[in-house]
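Next come the chains, spelled out residue by residue.
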Amino acid sequence: MEAHQHSPDSSSEECTVLEAPPGKNACPQHAGKVADLYCSACEVALCEDCVLEHEEHPKVALSQALEQHRISLQERLGSVNNRLPQISDALSFVKEILQQLTNQRASIEEDIQSSFEDLHKQLDVRKSVLLMELEVTYGLKQKVLQAQVDSLVRGEGDITATCTQTEEALAGEACVASLQVEQELQERLGELVGLGLPCQPEENDQLDLVMETDGLRKSIHNLGTIVTTSAVASQSEAMGAGLEQCVVGHPASVTIVTRDKSGGACKSGNAILSAEVFTPDGSIVDGEIVDHKNGTYEFVYIVPKEGNFSLALRLYDQHIKGSPFKLTVTRLSPTGAKRRGKSPGQKKKGSKRASSALGTPRRKTQNPIEDDLIFRIGTKGRNKGEFTNLQGVAASSNGRILIADSNNQCVQIFSNEGEFKSRFGVRGRSPGQLQRPTGVAVHPSGDIIIADYDNKWVSIFSCEGKFKAKLGSGRLMGPKGVSVDENGHVIVVDNKACTVFIFQLTGKLITKFGSRGNGDKQFAGSPHFAAVNKNNEIIVTDFHNHSVKVFTPEGELVLKFGSNGEGNGQFNAPTGVAVDINGNIIVADWGNSRIQVFDGSGSFLSYINTSADPLYGPQGLALTSDGHVVVADSGNHCFKVYRYLQ
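Computed from a prediction, not measured in an experiment: that's the story for all the values here.

## Remarks on the pairing of strand β33 (residues 594–598)
(1) Moving on: Taking burial as the measure, the 5 residues of β33 include 5 buried ones, the bulk of the element.
(2) Moving on: Burial along β33 is two-sided: R594, Q596 and F598 and I595 and V597, pointing in opposite directions, are all buried.
(3) Moving on: What sits between the antiparallel neighbours strand β32 (residues 585–589) and β33 is a turn of 4 residues, in which S593 has the positive phi angle 50°.
(4) Moving on: Examined bridge by bridge, β33 and strand β34 (residues 604–608) share 4 bridges and lie antiparallel to one another.

See the structure below:
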């Protein structure tokens, strides 16, 4: 067959179809060919030479395929772009954790340095004391022995000199002239024969050092531990009947299992867990978290109200799997049937009762005090004058009301008239930051003292909100309430440890008392707040024991009053407490949503009428400088100021 020859300038139809101009649709397999089809099976562009190889494959026009690819690519781009805010939030959060880790490292480094510097100082002091004791002891013994040596040397010298004189006299010729001298020598020798010299040692040479260093060396070898876990909230989980329901007034428990990023079970304790039982309006109940030191924890709580609640379990401030959990709290009769309880805010009217022999005059105390609410401040939120789970309350002598705004990690300050003045606090776990402020008090110096439940220490700020120091770090497990006694000492109620600590403002521990149990010096569980009366006695609310206890500064029980119930003088989990100038004790009755007033001997006087605007889970309370009661109405996210009889 003869080949056809074409001239370079040929313009035949065959050439114009097969030759591809240098464009964007050139076939990638055949040079000079135009791709106008697309193989859907192989996902490649096809020219007419490629078609035979893809004859049985589904094909569409290239323009249609390109449009579909663009649409798919745009959708994928949108999906990926939608991840950017999530990644940005995650990046910010991880950076925040990293910064907190760095800050915590710096804080611990500072603690290590100061602790060992303090130990060095104590060792140097002890060294100086021992050296001084050595010198004093040596000096006393040396003085006795040196005096004995001096006496013996003098006696020896006298005897030697007299003997020498006598020998010289005997060596000479006996005559009348020597008779007088010999008589004097004879008398002197007679004295020396009977001379009493201390020939037996009057002291000994014992100077020994007993230095028991083995135990100290072992203690030093094991001194201090860097505590951490690899637990993460996204993998950790909870189990147990307490996740879904519980019975009013009965303990319920939940087991938390911590896991690392790969889902492996953590084997050590000390993770930072928090747990709250709350209504849709805010936090209501704190429970107790027990660390089993094996990576598992138990949260035990008691709810004194029936209704629908939520249970939030957080690990390092992040919800664990499934948190928050929906919780149903029921009230059971003795036969096990549900009994309808009173709603929050309903108050049982005070009834007349006989006056105690130790009580103060009752005046109008048997009946409710009318029109007690003066004003309320706050709604739920994060702005000035807004609160989320406010807890502790304090009042200063210069007319200020201080509120520990727990879930907003700050303290807000108002005038006695409710005018907002200032706020301070930065969320975090480093010194000077607040993680969960629950208690607040004002020191006579003007400093503001804040109990930080989750950071496990008490922070000291100036009246302007500038951080000054922290105390109790390494000792406290869950400080809830704080107060100040007449000596300026800081009283700390450790909710988790069931212990009351007394510190100097410098951080030095003076004493502590209390433990878990039912004894006189013990708390049945979760003591909350404290106040100090004019006798410098410490008044503590024992939440789960439904009572108030009064102690001496040394921890001796002076008085206990209250029992579980809704009647006058009874409690359903007491929280805040304050003392007025007459020694009357004002108590926030959390579960009964009311405020009761007692005399100094614990006899019921009255309750404050809150029926017009009912309380819901009152927490801390205090007495303002103008003689009113201010209370943190936690469930209603506000604080209220009431008048009451004094």
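Read on for the rest.
## Thoughts on the UniProt feature "coiled-coil region" (unreviewed entry) in the protein chain
(1) Moving on: Sequence positions flagged by UniProt for "coiled-coil region" (unreviewed entry) are, in local numbering, residues 91–118.
(2) Moving on: Secondary structure across residues 91–118 comprises 100% helix and 0% strand; the distance between its end C-alpha atoms is 40 Å.

## Notes on the environment of S230
(1) Moving on: Examined against the element boundaries, S230 turns out to sit in the loop between α5 (213–221) and β4 (232–239).
(2) Moving on: Of the residues examined, S230 reaches a relative accessible area of 46% and is grouped as partly exposed.

## Details of helix α4 (residues 176–193)
(1) Moving on: The end-to-end C-alpha distance of α4 is 26 Å, a good match for the 26 Å that 18 residues give at a rise of 1.5 Å each.
(2) Moving on: Among all positions of α4, only S178, L185 and L192 are buried. On an axial view of α4, the arc spanned by its buried residues comes to 35°, and they lie on one face. Exposed side chains of α4 directed beyond 90 degrees from the buried face belong to V176, Q180, Q186 and E187.
(3) Moving on: Where α4 is buried, its residues contact α3 (62–171).

## Looking at the pattern of salt bridges
(1) Moving on: Overall, the coordinates contain 23 salt bridges when judged by the stated rule.
(2) Moving on: Measuring nitrogen to oxygen at the nearest pair gives 3.4 Å for the salt bridge that ties R314 to E276. Here R314 is found in strand β11 (residues 307–315), whereas its partner E276 is found in strand β7 (residues 273–279), with 38 residues between them in sequence.
(3) Moving on: On the basis of relative accessible area, R314 is assigned to the partly exposed category, the value being 22%.
(4) Moving on: Here the salt bridges share partners, and the residues they tie into one network are E96, D317, R427 and R429.

## So, the side chain of H443
(1) Moving on: Tracing the sequence through the fold places H443 in the loop between β19 (437–442) and β20 (448–452).
(2) Moving on: In this structure the side chain of H443 is engaged in a polar contact, spanning 3.0 Å, whose partner is the side chain of S445.
(3) Moving on: Non-local contacts of H443, meaning those with residues more than four positions away in its chain, are made with I449, V484, G488 and L505.

## Regarding the packing of aromatic side chains
Ring pairs (aromatic) are described by centroid distance and by the angle formed between their planes.
(1) Moving on: A full pass over the atoms with the stated rule returns 15 aromatic pairs.
(2) Moving on: An angle of 80° between the planes, with centres 5.6 Å apart, marks the rings of F414 and F420 as edge-to-face.
(3) Moving on: The class for F414 is buried, based on a relative accessible area of 1%.
(4) Moving on: Ring geometry for F501 and F503: centres 5.9 Å apart, planes at 10°, overall stacked. As far as burial versus exposure is concerned, F501 and F503 are alike and both buried.
(5) Moving on: Site record: aromatic cluster; members linked through ring pairs are F387, F414, F420 and F639.

So, how was this worked out
Residues numbered from 1 in each chain as written. Predicted model: local features only at pLDDT ≥ 70, side-chain atom pairs only at ≥ 80, totals over all residues. Heavy atoms only, no water. Buried < 20%, exposed > 50% of the residue type's maximum accessible area, 1.4 Å probe, protein only. Helix = DSSP H or I, 4+ residues; strand = E, 2+ residues; numbered from the N terminus. Pairing = 2+ DSSP bridges. UniProt positions renumbered as here; feature names shortened; annotations may be inferred. Expected span 1.5 Å × (residues − 1). Arc of directions from axis to C-beta. Contact = heavy atoms within 4.5 Å. Salt bridge = Lys/Arg side-chain N within 4 Å of Asp/Glu carboxyl O. Polar contact = N/O pair within 3.5 Å; in protein donor to acceptor, adjacent residues only side chain to side chain. Phe/Tyr/Trp six-rings, centres within 6.5 Å; stacked < 30°, edge-to-face > 60°.

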